Amino acid sequence: MNTFPTLEEQIAMAGITYGRRHDITYRAGLVMQVLGAALLAVLYPMENPFYSAGIMLFEAGVLLSAVYLLVWMSWIKKIILGSVITGIALQVAAGFFAPEEYAGSLIIAGIGFVCAGAAGLAGKEAYCFGYREGWILLWSYPLMVLANLMARESRIFNSLGFSLLFLLLLSLVGKKLKQPLLASCATNVCGLPQQKGKP
């Protein structure tokens, strides 16, 4: 008989306010990421300028999931959320304030910070639930950003990369949506939270 507490019991133990609606909102952010990645994967190879809408939808989904991310170590959430907010702020600043010759690099750097947050979310799912797609995404996001920062834009490379990211994300989120709400980590790998009021 398994006496390990359920996730809801662990949340109560930690004194955290996190219920089913929070988990639903977190998953809604993941779905937005998939939809944004799908738009990007389809529109970018066609040279359709509206592929940027896919990037914006993806980033909005990353931000939503980062806000509603549940982890026992609060510093992990702060790093992920801080990275996403920094990335969005950089892109806004590049669009309105940066000189034209630097705006492109700043926008890519901003996307990079958001992707670092997305990589953190994927890594969390991989660590807690053993999803291989999460481990691959953890490294694929930064590789795509670095390739675009360090070299000229390659439409073929980016088209293949965006398609791969979409397929990996689709598989990962599909598995996540099949989970019951507030599912505990596989094999309790995440451990128990620190009890509220204890050092």
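Details of the structure are given in the entry above.
Now for a description of the structure that goes with this document. (Residues numbered from 1 in each chain as written. Predicted model: local features only at pLDDT ≥ 70, side-chain atom pairs only at ≥ 80, totals over all residues. Heavy atoms only, no water.)

### Topic: the overall build of the protein chain
Stated precisely, the cut-off is as follows: By the criteria applied, helices consist of DSSP H or I runs no shorter than four residues and strands consist of E runs no shorter than two, each listed in order from the N terminus. Here's how the labels work: a residue is buried when its accessible area is under 20% of the maximum for its type, exposed when over 50%, partly exposed in between, all with a 1.4 Å probe on protein chains only. In what follows, residue pairs with any heavy atoms lying within 4.5 Å of each other are defined as contacts. Under the convention used here, a 1.4 Å probe and the Shrake-Rupley method define accessible areas, while residue burial counts only the protein chains that appear. The charge count includes Lys and Arg as positive and Asp and Glu as negative, but it does not include His or the ends of the chains. Where a charge lies is defined by one atom per residue type, namely NZ (Lys), CZ (Arg), CG (Asp) and CD (Glu).
Scanning the protein chain from terminus to terminus reveals seven helices and zero strands. When the elements of the protein chain are put in sequence order from the N terminus, they spell out α-α-α-α-α-α-α. A principal-axis box enclosing the C-alpha atoms of the protein chain has dimensions of 60 × 30 × 25 Å. Expressed as a percentage of its 199 residues, the buried residues of the protein chain come to 39%. Contacts in the protein chain between residues far apart in sequence, at least 24 positions, make up 73% of those at least 6 positions apart. Accessible surface computed for the protein chain: about 11200 Å², of which carbon and sulfur atoms make up 69%. When the 14 positive and 10 negative side-chain charges of the protein chain are each reduced to one mean point, those points stand 12 Å apart.

### With respect to the nonpolar core
Here is the rule we go by: As used in this record, nonpolar core signifies buried Ala, Val, Leu, Ile, Met, Phe, Trp, Tyr and Cys residues forming a set joined through side-chain atoms within 4.5 Å.
One finds Phe-58, Val-62, Leu-137, Tyr-141 and Leu-169 to be the most contacted residues of the largest nonpolar core, which totals 42 residues. Counting only elements with at least two residues in this core, the list comes to helix H1 (7–14), helix H2 (20–43), helix H3 (51–67), helix H4 (74–96), helix H5 (100–129), helix H6 (132–150) and helix H7 (155–178). Among the elements that make up this core, the one with the highest residue count is H5 (eight residues). If near-sequence neighbours (up to four positions away) are discounted, Tyr-141 is found in contact with Phe-58, Cys-115, Ala-118, Ala-119, Leu-165 and Leu-169.

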